[in-house]
Amino acid sequence: MTTRIPATLIPGDGIGPEIMDATLAVLDALGAPFDWDRQIAGLEGVTIANDPLPPATLDSIRRTRLALKGPLETPSGGGYRSSNVRLREEFKLYANLRPALTIVPGGRYDKIDLVVVRENLEGLYIGHEHFVQIDDDPHAVAMATGINTRAGCRHILDYAFQHAIGTGRKKVTIVHKANIMKALTGIFKETAEQLYEEKYKGQIAMDSIIVDACAMKLVLNPWQFDVLVTTNLFGDILSDLVAGLVGGLGMAPGANIGADAAIFEAVHGSAPDIAGKGIANPTALLLAAAMMLDHCKLNDMATQLRQAIDATLNVDNIRTGDLGGKAGTAEYTRALVARITG
């Protein structure tokens, strides 16, 4: 008998409940052994509990240490902070893992297989910002402080090297801007070089590149890269860039990994303009669920799920509108379930 795995479920806002229902149907077909604790966050959290990240949701994740999350909307005004950022801070989810793999061939780029590993807690995203007033202009000067620590750099770099080696990758590329931001990103490059010499030399190749050159080369020749690891801001930008190489955010899963919790998500927005129309593409969340299965050592189920997605899209040719097809969310889900069950 398979051991049951407690997990927190956050359907999210907009199209979130629709793509989450699709994902749950597919996971049920696989026989995935998750015991779900359904919670709320984002705009739904504000509407129901006056908090985009209610205490009950946080308590659930503390208990399960595992969550699957749909897209969340941050309410405008009222001083609300992003629920995604708060979750990363609350559970010290230091590693953001963003794979980009071509599933639907024939696009502008083909046969892409990249991973971006983004530091999730430091850099300019720590939010230390303020204005300085000059004369009668209260916003005359805007200032922001970025902080990268040696310990934080080692944490994310260790994770990147270990993930790359453990998944059979060939090369890790350190992305930085140490030519200009000599301290803030220089410490990242310096720590990478030290760590590589200490622990990983001979196990995997390593090189480094300046972030602007990396962006250009990703557009010109993305196949030269394998695993990219970088600081928070650069990782935020480059992870969306590589998603564009494989069809956009609708094909882009994400994982936020910490020592004591892991949260898996679709990284696209809540798309309120199409919510309730039955046309949303659940592929990103399904791929995030596959990452969650891998995280729980259910690798055979993860492989079966990815193979079912590939076959549904490319053999059965059942695709949602954003992929050039005519299937709605329900038809696509039924096709996936049929692929899995028989």
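One can find the structure itself at the top, above this paragraph.
Residues numbered from 1 in each chain as written. Predicted model: local features only at pLDDT ≥ 70, side-chain atom pairs only at ≥ 80, totals over all residues. Heavy atoms only, no water.

Student: Give a detailed account of the pairing of strand 7 (residues 137-147), specifying residues and quantitative values.
Tutor: Bridge count for strand 6 (residues 123-134) against strand 7 is seven bridges, and the pairing is antiparallel. Pairing of Phe-131 across the sheet is with Ala-142, part of strand 7. Counting the residues between successive antiparallel strands, the hairpin from strand 6 to strand 7 contains two residues, one of them, Asp-135, with a positive phi of roughly 55°. (Pairing = 2+ DSSP bridges. Helix = DSSP H or I, 4+ residues; strand = E, 2+ residues; numbered from the N terminus.)

Student: So, the pattern of salt bridges: which residues are in play, and what are the values?
Tutor: Per the stated rule, a full pass over the model turns up 20 salt bridges. Among the ionic pairs, Lys-171 bridges to Asp-207, the shortest N-O distance being 3.4 Å. In this pair, Lys-171 is assigned in strand 8 (residues 171-176) and Asp-207 in strand 9 (residues 205-210), connecting sequence segments 36 residues apart. For Asp-207, a relative accessible area of 30% puts it in the partly exposed group. Within this structure, Asp-59, Arg-62 and Glu-90 form a network of salt bridges that share partners. (Salt bridge = Lys/Arg side-chain N within 4 Å of Asp/Glu carboxyl O. Buried < 20%, exposed > 50% of the residue type's maximum accessible area, 1.4 Å probe, protein only.)

Student: So, helix 3 (residues 55-64): which residues are in play, and what are the values?
Tutor: Of the positions making up helix 3, those classed as buried are Thr-57, Leu-58, Ser-60, Ile-61 and Thr-64. Along helix 3, the residues classed as buried sweep out an arc of 160° about the axis, all on the same side. Pointing more than 90 degrees away from the buried face of helix 3 are the exposed residues Pro-55 and Arg-63. Those residues of helix 3 that are buried lie in contact with strand 1 (5-10), strand 2 (34-38), strand 3 (66-69), helix 4 (83-90) and strand 12 (262-266). One or two steps after helix 3, the chain reaches Arg-65, where phi turns positive at roughly 60°. (Arc of directions from axis to C-beta. Contact = heavy atoms within 4.5 Å.)

Student: Tell me what's going on with the packing of helix 1 (residues 16-30) against helix 11 (residues 329-341), and back it up with residues and numbers.
Tutor: Between helix 1 and helix 11, the least distance of the axes is 9 Å, while the angle of their chain directions is 10°. Relative to helix 11, the element helix 1 is oriented roughly parallel. As helix 1 runs across helix 11, the sense of the crossing is right-handed. Contact with helix 1, carried on its side by Glu-18, Ala-22, Ala-25, Val-26, Ala-29 and Leu-30, involves Thr-329, Thr-333, Leu-336, Val-337, Ile-340 and Thr-341 of helix 11 and no other residues of that element. Partitioned by chemical class, the residues of the contact of helix 1 with helix 11 number eight nonpolar, three polar and one charged. (Axes fitted to C-alpha atoms, helices over the stretch in contact; angles between N-to-C directions. Parallel < 35°, antiparallel > 145°, perpendicular 65-115°, else oblique. Left-handed = near helix turned anticlockwise from the far one by under 90°. Nonpolar A, V, L, I, M, F, W, Y, C, P; charged D, E, K, R; others polar.)

Student: Tell me about unusual backbone geometry, and please be specific about residues and values.
Tutor: The phi dihedral of Asp-135 is positive, around 55°, even though this residue is not glycine. Locating Asp-135 in the fold gives a position in the loop between strand 6 and strand 7. The class for Asp-135 is exposed, based on a relative accessible area of 70%. The backbone of Ala-271 sits at a positive phi, close to 45°, despite the residue not being glycine.

Student: Quick rundown of the layout of surface pockets? Include the residues and the values.
Tutor: Approximately 780 Å³ is the volume attributed to the largest pocket. Around the largest pocket, the lining comprises 28 residues; the ones closest to its centre are Leu-97, His-163, Met-291, Asp-294 and Arg-306. Mapped onto the lining of the largest pocket, the elements with two or more residues apiece are strand 4 (95-101), strand 5 (113-119), helix 5 (150-166), strand 11 (253-257), helix 9 (283-295) and helix 10 (299-314). Its residues assigned to classes, the lining of the largest pocket comprises 15 nonpolar, seven polar and six charged. Lining the second largest pocket are 19 residues, and of these Asn-84, Arg-88, Arg-118, Asp-236 and Val-267 lie nearest its centre. When residues of the lining of the second largest pocket are traced back to their parent elements, those giving at least two are helix 4, strand 4, helix 8 (232-245) and strand 12. The greatest single-element share of the lining of the second largest pocket, amounting to three residues, is contributed by helix 4. (1 Å grid on protein atoms, 1.4 Å probe; cavity = no way out; pocket = protein on both sides within 12 Å on 5 of 7 lines; lining within 4 Å. Points joined across faces, edges and corners; volume = space filled by probe spheres on them.)

Student: Please provide a residue-by-residue account of the sheet that holds strand 11, values included.
Tutor: Pairing in this open sheet of 10 strands is mixed, and the strands run 2-1-3-12-11-4-5-10-8-9 from one edge to the other. Every other strand in the sheet has two partners, leaving strand 2 and strand 9 as the edge strands with one partner each. For this sheet, the mean angle separating the axes of adjacent strands, direction not counted, is 25°. Where strand 8 and strand 10 (residues 227-230) come together, four bridges link them in parallel fashion. Across the sheet, Ile-174 pairs through a bridge with Val-229, a residue of strand 10.

Student: Please give an account of the environment of Asn-148 that cites residues and values.
Tutor: Of note, Asn-148 is situated in the loop between strand 7 and helix 5. On the basis of relative accessible area, Asn-148 is assigned to the buried category, the value being 13%. Separated by 25 residues in the primary sequence, Asn-148 and Gly-123 place their C-alpha atoms 5.3 Å from one another. What Asn-148 contacts, discounting residues up to four positions off in sequence, is Glu-122, Gly-123, Cys-153, Leu-184, Thr-185, Ile-187 and Thr-231. From its side chain, Asn-148 meets the backbone nitrogen of Gly-123 in a polar contact 3.1 Å long. Within the structure, Asn-148 has its side chain in polar contact with the backbone oxygen of Leu-184 (distance 2.6 Å). (Polar contact = N/O pair within 3.5 Å; in protein donor to acceptor, adjacent residues only side chain to side chain.)

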